[in-house]
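Next come the chains, spelled out residue by residue.
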Amino acid sequence: MTASTDAITPAVAVAPGAGAASRDAMEWHAIDWLKAYRIVRRLQARIVQATQQGRWGKVKALQRLLTHSHSGKALAVRRVTENQGKNTPGVDRVRWNTPEKKAAAVRALRRRGYRPLPLRRVYVPKSTGTAMRPLGIPAMTDRAMQSLYLLALDPVAEVLADPNSYGFRVARAPADAIAQCFIVLSNRFAPQWIREGDIRACFDRISHAWLVAHVPMDTAILRLWLKAGYMEKRILHPTDEGSPQGGPCTPPTIVQKRR
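The structure reproduced in this document is the subject of the present report. (Residues numbered from 1 in each chain as written. Predicted model: local features only at pLDDT ≥ 70, side-chain atom pairs only at ≥ 80, totals over all residues. Heavy atoms only, no water.)

1. Examining the overall build of the chain
Then, number 1: The helix and strand inventory of the chain stands at eleven helices and four strands.
Then, number 2: A total of 259 residues make up the chain; the buried ones form 39% of that total.
Then, number 3: In the chain, the proportion of contacts linking residues at least 24 apart, taken out of those at least 6 apart, comes to 70%.
Then, number 4: When the accessible surface of the chain is totalled, it reaches about 15,500 Å², and 54% of it is carbon and sulfur. (Helix = DSSP H or I, 4+ residues; strand = E, 2+ residues; numbered from the N terminus. Buried < 20%, exposed > 50% of the residue type's maximum accessible area, 1.4 Å probe, protein only. Contact = heavy atoms within 4.5 Å. Areas by Shrake-Rupley, 256 points an atom, 1.4 Å probe, with all protein chains shown as cover.)

2. What about the sheet that holds strand S3 (residues 230-232)?
What links the strands of a sheet is backbone hydrogen bonding, and the strands pair in either a parallel or an antiparallel sense.
Then, number 1: A sheet is described by the order of its strands in space; here four strands give the open sequence S2-S1-S3-S4, paired in mixed fashion. The open sheet has two free edges, formed respectively by strand S2 (132-137) and strand S4 (235-237), since each of these has just one partner strand. Between one strand axis and the next, the sheet turns through 45° on average, direction left out of account.
Then, number 2: Relative to S2, strand S1 (residues 119-125) runs antiparallel, the two being bridged by six bridges. Bridge pairing in S2 places Arg120 opposite Ile137. (Pairing = 2+ DSSP bridges. Axes fitted to C-alpha atoms, helices over the stretch in contact; angles between N-to-C directions.)

3. Things to note about helix H6 (residues 140-160)
Then, number 1: The end-to-end C-alpha distance of H6 is 29 Å, a good match for the 30 Å that 21 residues give at a rise of 1.5 Å each.
Then, number 2: The largest bend in H6 is about 35°, located at Leu153, with the proline Pro155 one to four residues further on.
Then, number 3: Of all 21 residues that make up H6, 17 are buried, and the element is covered over most of its length. (Expected span 1.5 Å × (residues − 1). Bend = angle between axes of the 7 residues up to and from the residue.)

4. A look at the packing of aromatic side chains
Then, number 1: On inspection of all chains with the given rule, the structure shows two aromatic pairs.
Then, number 2: When the ring of Trp28 is compared with that of Trp33, the centres are 5.1 Å apart and the planes differ by 70°; the resulting orientation is edge-to-face. Here Trp28 and Trp33 have matching classes, each one buried.
Then, number 3: Sitting over the ring of Trp33, Arg78 keeps its end group 4.5 Å from the ring centre.
Then, number 4: In this arrangement the basic side chain of Arg121 is found over the ring face of Tyr230, its NZ or CZ atom lying 3.9 Å from the centre. (Phe/Tyr/Trp six-rings, centres within 6.5 Å; stacked < 30°, edge-to-face > 60°. Lys NZ or Arg CZ within 6 Å of the ring centre and 35° of its normal.)

5. Brief notes about the packing of helix H3 (residues 56-67) against H6
Then, number 1: It is the contact of H3 with H6, at a shortest axis distance of 8 Å, that shows an interaxial angle of 150°. In this view, H3 runs roughly antiparallel relative to H6, as classed from their interaxial angle. When you trace H3 past H6, the crossing you get is right-handed. Across the interface between the two elements, Trp56, Val59, Gln63, Leu66 and Thr67 from H3 touch Leu148, Tyr149, Leu151, Ala152, Leu153, Val156 and Leu160 from H6.
Then, number 2: When grouped by side-chain class, the residues that make up the contact of H3 with H6 number ten nonpolar, two polar and no charged. (Parallel < 35°, antiparallel > 145°, perpendicular 65-115°, else oblique. Left-handed = near helix turned anticlockwise from the far one by under 90°. Nonpolar A, V, L, I, M, F, W, Y, C, P; charged D, E, K, R; others polar.)

6. So, unusual backbone geometry
Then, number 1: Phi at Arg93 takes a positive value of approximately 60°, unusual for a residue other than glycine.
Then, number 2: Relative to the helices and strands, Arg93 is located in the loop between helix H4 (70-81) and helix H5 (99-108).
Then, number 3: When its relative accessible area of 56% is taken as the criterion, Arg93 is described as exposed.
Then, number 4: You will see that Ala171, though not glycine, has its phi angle at about 60°, which is positive.
Then, number 5: With respect to the helices and strands, the residue Ala171 is situated in the loop between H6 and helix H7 (174-185).

7. Observations regarding the layout of surface pockets
Then, number 1: Approximately 610 Å³ is the volume attributed to the largest pocket.
Then, number 2: Around the largest pocket, the lining is made up of 23 residues, and of these Arg133, Pro134, Ala201, Asp204 and Gln245 lie nearest the centre.
Then, number 3: Considering only residue class, the lining of the largest pocket consists of ten nonpolar, six polar and seven charged.
Then, number 4: The volume enclosed by the second largest pocket comes to roughly 520 Å³. (1 Å grid on protein atoms, 1.4 Å probe; cavity = no way out; pocket = protein on both sides within 12 Å on 5 of 7 lines; lining within 4 Å. Points joined across faces, edges and corners; volume = space filled by probe spheres on them.)

8. Some thoughts on the pairing of S1
Then, number 1: The pairing of S1 with S3 spans two bridges and is parallel. Its bridge partner lying in S3, Leu119 is registered against Tyr230.

9. As for the side chain of Gln44
Then, number 1: Mapping Gln44 onto the fold places it in helix H2 (residues 33-52).
Then, number 2: For Gln44, a relative accessible area of 11% translates into the label buried.
Then, number 3: When neighbours within four sequence positions are excluded, Gln44 is seen to be in contact with Leu66, Leu151 and Pro155.

10. Digging into the nonpolar core
Then, number 1: Counting 43 residues, the largest nonpolar core has Val77, Ile221 and Trp225 as the members making the most contacts within it.
Then, number 2: In terms of residue count, the dominant contributor to this core is H6 (nine residues).
Then, number 3: Every residue in contact with Ile221, bar those within four places of it in the chain, is listed here: Arg111, Tyr114, Met145 and Tyr149. (Core = buried A, V, L, I, M, F, W, Y, C linked by side-chain atoms within 4.5 Å.)

Structure follows, in structure tokens:
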């Protein structure tokens with residue numbers, strides 16, 4: 001696939017005197033989303049094949065092609081502007097709530113010169129209702145970058161993942177885990193006990209060095225995310241270990257897919 005196949009935005013005629021905002025809105029609405037999706041899916045399929053063959057140089061090259069493609073950038077912006085958290089801003093209080101802002105965001109989404117902002121720390125009740133769980137809310141640009149790189153990471157992670165892991169997996173649901181439990185537990189040699197375990201503060205203390213060494217993605221970008229820090233009560237806190245949860249590409253997403 002060449003770069004020319006990624007021209008998903010047709011030329012748009014603009015009347016003389018029309019402002020940049022009008023051009024941006026027309027540019028966003030003119031995107032052929034089906035074509036963009038197909039381009040990304042073809043690249044992801046090639047990443048899967050290269051991963052299965054152990055051709056890690058090709059995997060890296062294809063990941064770079066995807067993360068630099070207009071199709072990938074457009075889908076990443078669309079994801080973060082059409083989900084439930086689209087109206088929740090980061091520390092910069094910026095929201096991409098117009099077609100003009102979305103089109104500008106696609107053009108501005110690039111690796112060169114990228115520096116993530118600190119996360120905005122918020123707290124939400126745990127399922128038990130007895131404690132609060134900290135979340136880190138990235139800025140819109142950082143959410144889009146995470147979504148973009150997740151498009152390139154997911155194909156590798158799905159190849160390497162345990163076949164019977166179900167958390168944070170593409171196209172998997174609790175029903176799949178229930179079905180597997182039924183298969184394992186319904187035969188005459190089924191185990192008598194089920195053990196449940198939890199690692200205390202796992203993702204609050206996870207090693208940055210381990211993540212950089214084991215997550216198959218652009219390590220420079222990963223380091224920037226890990227060291228971005230977070231803002232709480234207008235105070236910047238460094239992140240020397242662990243990674244706050246709340247963004248599209250966080251440790252729960254990328255670690256639980258590995259064997």
